[in-house]
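Coordinate analysis (summary)
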Amino acid sequence: MGDIQLAPTNTWQETLTQLIESCCAELESNYFRVLRDTLFSRRTTLRPNMLRSIASNEVDALNKYFCEPNFSAVAHGSQLFQAGLSEQAALRLGHITRQFLLDHLEQGQVAPALAAIDAYQEAVIQGYIQSQEKKILKEQELIRSALQTAVSRYMVEIKEIEAMAQKATEANEFKTRFIARMGHELRTPLGAMMGLAEMLQEGIYGPLTPEQKDMTQRIVNKAVVLKNIFAELLDQSQIESGQLRLIEEEFPPQALVEVVYSNYLPLALQKGLAMRIKINANLPSSVIGDKVRIEQIVTNLVVNAIKYTESGSIVVRVYKANATHWSVEVKDTGIGIAKEHLGTIFEPFRQTDETAHRKHGGVGLGLAIVQQLVTAMKGTVEVKSKLGQGSVFTVNLPIQPMQE
Ligand code: ADP
């Protein structure tokens, strides 16, 4: 609040009235500023009913403080601002102090009234600060105990989750070991069965009738399907258990794709499908990677294309995609894949349609293995497909091993 000089004349009341009138604006704005600076930084708000009660109680409180020096303005301030303070409330306090001053002007008690307003303002602010501090401490205490409760609850939950994760890891490890052991146990007799059937086919145990030949061929065919399923299961369990080791060797990508093409051309022709291979002129003559696994990737895509195409054609295109990658694209005119399945077909054991699979066979591991191998090689695999129109699978692989 600014200094006010009192005029020592007998018209002092007049002079003071003018002086106070002119100072009132300053008083209000000072009060407002001090309160705002001190209090509003705490971002408080005042409810309308609290505002009304401040307005009605304030003059009484100020009078009381003026008449009874023992009256605790700090406590009053604390109570007054417990619910917070708005800018309107501060403005209101400015008006009230002004009225108080004018009232005491008439009674000739200007100096003590000014002193009282000053002290009162200070006390109210202190009271407010104290009440806020108490409130903050209380809130801190509440937050601390809530945090403590939450932390101890989370500790229990984390322990439970850790135990569950441990069980899941053990179960997964058991599954991987089980598949590996069973795969081995089943593949050995299966290999023997295939060998025996082939010996029968070759006529080692005497000539076969056409029906017997047909039967032994069917045995061999089914055994090959089983062998492939076991191989996929073993691959998947090996990849899952982190035992997959990729080797790096230099090879011509064109020759690799041509081998897959010639291996599966008879199967496509048998189904009445056309199959073409397109080698782009920009294809590098050699690349570095795991040749066997890359052949497996291309094979899986070509086998799927034949499996899921009833009529039309399959085109395998090989090209250099950019400075660092080469690509194999397998395009078919088959049954296609619905949009909602495009996101899941690369997950292990995922198949889009139960009935279609009973017809086509397979356990839903081919694409999962493709994706896991491609990812391990730091490549990518993409699919574009339209239901009923066909699909395009594109694998992008590094021309040379990528730097870490
Ligand atoms: P599956 O052993 O069932 O063939 P894959 O992992 O190879 O397993 O494929 C997963 C699923 O993706 C298949 O069951 C099939 O629904 C779909 N799919 C894969 N390739 C094609 C394709 N070329 N055309 C249509 N659907 C396909």
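Residues numbered from 1 in each chain as written. Predicted model: local features only at pLDDT ≥ 70, side-chain atom pairs only at ≥ 80, totals over all residues. Heavy atoms only, no water.

**A look at helix 11 (residues 366–376)**
Within helix 11, burial applies to G366, L367, A368, I369, V370, L373 and V374. Where helix 11 is buried, its residues touch helix 6 (210–240), helix 8 (291–307), strand 6 (380–386) and strand 7 (390–398). Just beyond helix 11, the residue with positive phi is K378, at close to 60°. (Buried < 20%, exposed > 50% of the residue type's maximum accessible area, 1.4 Å probe, protein only. Helix = DSSP H or I, 4+ residues; strand = E, 2+ residues; numbered from the N terminus. Contact = heavy atoms within 4.5 Å.)

**A word on the packing of helix 7 (residues 253–270) against helix 8**
Packing of helix 7 against helix 8 leaves a shortest axis separation of 10 Å and a crossing angle of 30°. When the axis of helix 7 is compared with that of helix 8, the two are roughly parallel. As for how helix 7 packs across helix 8, the hand of that crossing is right-handed. Only K291, I294, E295, V298, T299, V302, V303 and I306 of helix 8 make contact with helix 7, whose side of the interface consists of L256, V259, V260, Y264, L267 and A268. Considered class by class, the residues forming the contact of helix 7 with helix 8 number 11 nonpolar, one polar and two charged. (Axes fitted to C-alpha atoms, helices over the stretch in contact; angles between N-to-C directions. Parallel < 35°, antiparallel > 145°, perpendicular 65-115°, else oblique. Left-handed = near helix turned anticlockwise from the far one by under 90°. Nonpolar A, V, L, I, M, F, W, Y, C, P; charged D, E, K, R; others polar.)

**Considerations on the sheet that holds strand 7**
Taken together, five strands build an open sheet; the order of strands is 2-4-5-7-6 and the sheet is mixed. In the strand order of this sheet, the two ends are held by strand 2 (274–279) and strand 6, each with one partner. Neighbouring strand axes in the sheet, compared pairwise and without regard to direction, differ in orientation by 10° on average. Sheet topology note: the strand 6/strand 7 ladder contains seven bridges and is antiparallel. The residue bridging S385 from the neighbouring strand is S391, located in strand 7. Across the sheet, helix 8 is in contact with strand 2, strand 4 (313–320), strand 5 (325–332) and strand 7; its angle to strand 5 comes to roughly 20°. (Pairing = 2+ DSSP bridges.)

**What about the pattern of salt bridges?**
Taken as a whole and assessed by the stated rule, the structure comprises five salt bridges. Across the salt bridge formed by R317 and E329, the nearest N and O atoms sit 3.3 Å from each other. Note that R317 is positioned in strand 4 and E329 in strand 5, a separation of 12 residues in sequence. (Salt bridge = Lys/Arg side-chain N within 4 Å of Asp/Glu carboxyl O.)

**Section: the side chain of R293**
The topology assignment puts R293 in helix 8. Among the polar contacts listed, one links the side chain of R293 to the side chain of D235, at a separation of 3.3 Å. Once residues lying within four places of it in the same chain are set aside, the contact partners of R293 are D235, Q238, L244, L246, L373 and M377. (Polar contact = N/O pair within 3.5 Å; in protein donor to acceptor, adjacent residues only side chain to side chain.)

**Comments concerning the nonpolar core**
Among the nonpolar cores identified, the biggest contains 41 residues, and I294, V302, W326, V328, V330 and F393 are the most heavily contacted of them. Listing elements by their share of this core, those giving two or more residues are helix 7, helix 8, strand 4, strand 5, helix 11, strand 6 and strand 7. The element that contributes the greatest number of residues to this core is helix 8, accounting for seven residues. Non-local contacts of I294, meaning those with residues more than four positions away in its chain, are made with F251, L256, G289, W326, M377 and L397. Of all hydrophobic cores here, the second largest spans seven residues; its members include L102, L105, V110 and L114. (Core = buried A, V, L, I, M, F, W, Y, C linked by side-chain atoms within 4.5 Å.)

**Observations concerning the environment of L226**
Of note, L226 is situated in helix 6. Accessibility expressed as a relative area gives 38% for L226, which makes it partly exposed. As a C-alpha pair, L226 and L190 span 36 residues in sequence and 8.2 Å in three-dimensional space.

**So, the packing of aromatic side chains**
Scanning the model with the defined rule gives two aromatic pairs in all. Ring geometry for F174 and F178: centres 6.2 Å apart, planes at 20°, overall stacked. One end of the pair, F174, and the other, F178, are both in helix 5 (residues 110–201), four residues apart, so they sit about a helical turn from each other. When its relative accessible area of 38% is taken as the criterion, F178 is described as partly exposed. Ring geometry for F346 versus F393: centroids 6.3 Å apart, planes at 70°, classification edge-to-face. (Phe/Tyr/Trp six-rings, centres within 6.5 Å; stacked < 30°, edge-to-face > 60°.)

**Focus: helix 8**
For helix 8, built from 17 residues, the straight-helix expectation of 24 Å at 1.5 Å per residue is met to within 8% by its first-to-last C-alpha distance of 24 Å. Burial within helix 8 is extensive, with 13 of its 17 residues counted as buried. (Expected span 1.5 Å × (residues − 1).)

**A closer look at the pairing of strand 5**
Most of strand 5 sits inside the fold, with seven of its eight residues counted as buried. In the sheet, strand 4 pairs with strand 5 via seven bridges, with the strands oriented antiparallel. Note on strand 5: the bridge partner recorded for K320 is W326. Pairing analysis gives eight bridges linking strand 5 to strand 7, with the strands arranged antiparallel. When the bridges of strand 7 are listed, K331 appears paired with V392.

**A few points about the environment of M402**
Within the element layout of this structure, M402 appears in the segment after strand 7. By relative accessible area, which is 34% here, M402 ends up partly exposed. Remark: the alpha-carbon pair of M402 and M377, spanning 25 residues in sequence, is separated by 8.5 Å. Once residues lying within four places of it in the same chain are set aside, the contact partners of M402 are H325 and K378.

**Considerations on the confidence of the model for the protein chain**
Across the protein chain, pLDDT averages 78, with 69% of residues at or above 70. The model gives residues 38–56 a pLDDT under 50, and that stretch makes 43 contacts with residues more than four places away or in other chains. Low pLDDT, under 50, characterises residues 82–87; the stretch is placed with 22 contacts to residues that sit more than four places away or in other chains. (pLDDT = per-residue confidence, 0-100.)

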